[in-house]
Amino acid sequence: MNLPASDGVAHLELAAGVMLIQEHAKQWHVAADRLVIQGCSAGGHLALWLATEKSCGISCAIALYPVADILKWGGELLMPAPFDESREEWRKASPAQRLERRPSPILLIHGDRDETVDFRLSVDFYNKLLEKEYEAEMIIVEGGRHSFDFSALSEKQFQSTARFLETHFGKE
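No experiment lies behind these values; they were computed from the predicted model shown.

**Student:** Explanation requested: the sheet that holds strand 4 (residues 136-141) in the structure shown.
**Tutor:** Within a beta sheet, neighbouring strands are joined by backbone hydrogen bonds and run either parallel or antiparallel to one another. In space, the four strands of this open sheet follow the order 1-2-3-4, with parallel pairing throughout. Strands at the two margins of the open sheet, each flanked by one partner only, are strand 1 (36-40) and strand 4. The mean angle between the axes of side-by-side strands here comes to 10 degrees, regardless of whether they run parallel or antiparallel. Note that strand 3 (residues 106-111) and strand 4 share six bridges and pair parallel. Bridge pairing in strand 4 links His 110 to Ile 140. The strands that helix 3 (residues 42-51) touches are strand 1, strand 2 (60-64) and strand 3; relative to strand 1, the one it contacts most, it runs at about 145 degrees.

**Student:** Where do I start with helix 1 (residues 9-23) in this structure?
**Tutor:** Taking 1.5 Å of rise per residue, 15 residues should cover 21 Å, and helix 1 covers 21 Å from first to last C-alpha, within 8% of that figure. Residues His 11, Leu 14, Ala 15, Val 18 and Met 19 constitute the buried set of helix 1. An end-on view of helix 1 places all buried positions within 135 degrees of arc, on one side of the element. Summarising the geometry of helix 1, the exposed residues directed more than 90 degrees from the buried face are Val 9, Glu 13 and Glu 23.

**Student:** Please explain the side chain of Asp 114 as it appears in this structure.
**Tutor:** As for its position among the elements, Asp 114 is in the loop between strand 3 and helix 6 (119-131). Buried charged residue Asp 114 carries no salt bridge. Nearest counter-charge: Arg 145, at 8.1 Å. Within the structure, Asp 114 has its side chain in polar contact with the backbone nitrogen of Thr 116 (distance 2.8 Å). Apart from residues lying up to four places away in sequence, Asp 114 is in contact with Tyr 65, Gly 144, Arg 145 and His 146.

**Student:** Before we go on, may I ask you to explain the environment of Arg 120 in this structure?
**Tutor:** By secondary structure assignment, the location of Arg 120 is in helix 6. Considered as a pair, Arg 120 and Ala 68 are 52 residues apart in the sequence and their alpha carbons are 9.8 Å apart.

**Student:** Can you help me understand helix 3 in this one?
**Tutor:** Every α-helical turn comprises 3.6 residues, leaving residues that sit three or four positions apart pointing alike. Of all ten residues in helix 3, eight are buried; the element is thus mostly enclosed. Among the residues of helix 3, Gly 44, His 45, Leu 46, Ala 47, Leu 48, Trp 49, Leu 50 and Ala 51 are the ones counted as buried.

**Student:** Help me understand unusual backbone geometry in this model?
**Tutor:** Among all residues except glycine, the phi angle is most often negative; among peptide bonds, the trans geometry is most common. The phi angle at Tyr 65 is positive, at roughly 35 degrees, despite the residue not being glycine. Located in the positive-phi region is Glu 133, a residue other than glycine, with phi close to 60 degrees. By secondary structure assignment, the location of Glu 133 is in the loop between helix 6 and strand 4.

**Student:** Before we go on, may I ask you to explain the nonpolar core in this structure?
**Tutor:** If you look at soluble globular proteins, the nonpolar side chains tend to sit buried side by side. Ranked by size, the top nonpolar core spans 25 residues in total, and within it Leu 50, Ile 58, Ile 106 and Phe 125 carry the most contacts. Breaking this core down by element, the ones donating at least two residues are helix 1, helix 3, strand 2, strand 3, helix 6 and strand 4. No other element matches helix 3, which puts six residues into this core. Beyond its immediate stretch of four places on either side in the chain, Phe 125 contacts Leu 48, Ala 68, Pro 95, Ala 96, Leu 99, Ile 106 and Leu 108. The next biggest cluster of nonpolar side chains, apart from the first, holds eleven residues, and it includes Cys 60, Ile 62, Tyr 65 and Leu 153.

The rules behind these values
- Residues numbered from 1 in each chain as written.
- Predicted model: local features only at pLDDT ≥ 70, side-chain atom pairs only at ≥ 80, totals over all residues.
- Heavy atoms only, no water.
- Pairing = 2+ DSSP bridges.
- Helix = DSSP H or I, 4+ residues; strand = E, 2+ residues; numbered from the N terminus.
- Axes fitted to C-alpha atoms, helices over the stretch in contact; angles between N-to-C directions.
- Contact = heavy atoms within 4.5 Å.
- Expected span 1.5 Å × (residues − 1).
- Buried < 20%, exposed > 50% of the residue type's maximum accessible area, 1.4 Å probe, protein only.
- Arc of directions from axis to C-beta.
- Lys, Arg positive; Asp, Glu negative; His and termini not counted.
- Salt bridge = Lys/Arg side-chain N within 4 Å of Asp/Glu carboxyl O.
- Polar contact = N/O pair within 3.5 Å; in protein donor to acceptor, adjacent residues only side chain to side chain.
- Core = buried A, V, L, I, M, F, W, Y, C linked by side-chain atoms within 4.5 Å.

What follows is the structure, given as structure tokens:
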């Protein structure tokens, strides 16, 4: 993967981190072709961003209560410059605006009582993925708020996550 054009410092650092892992995979005893990224909230945004990056080098992404579309959410907390000054950079950094190519398989997990990031943004993103026939799954955590305790996940939701990983990451 080549470093993308500047989409923000965190985006570039994430891409550089994946490149570093790939470059040292043999030395670190890591399967470079079997990387999974997972993030929560802003980290979920970054996981989705990487999954939509060309030649991202990951097998799949799991995003918990992510900011899937900063154009709809308002990305002032995620972007270094105001929208009016950097519309194209905001578009490039928004996973929901980057679906012109097939992303890595994506699992979205979002609570339906999230008061920080509206879970409907994840639902909309998930529906966009399905419309394009991309590989995606979604788990809605009933009563789950932003940064929910993992004990809020049911056994069925844990099994769904395990099945997603087995499908897209593989079994050892």
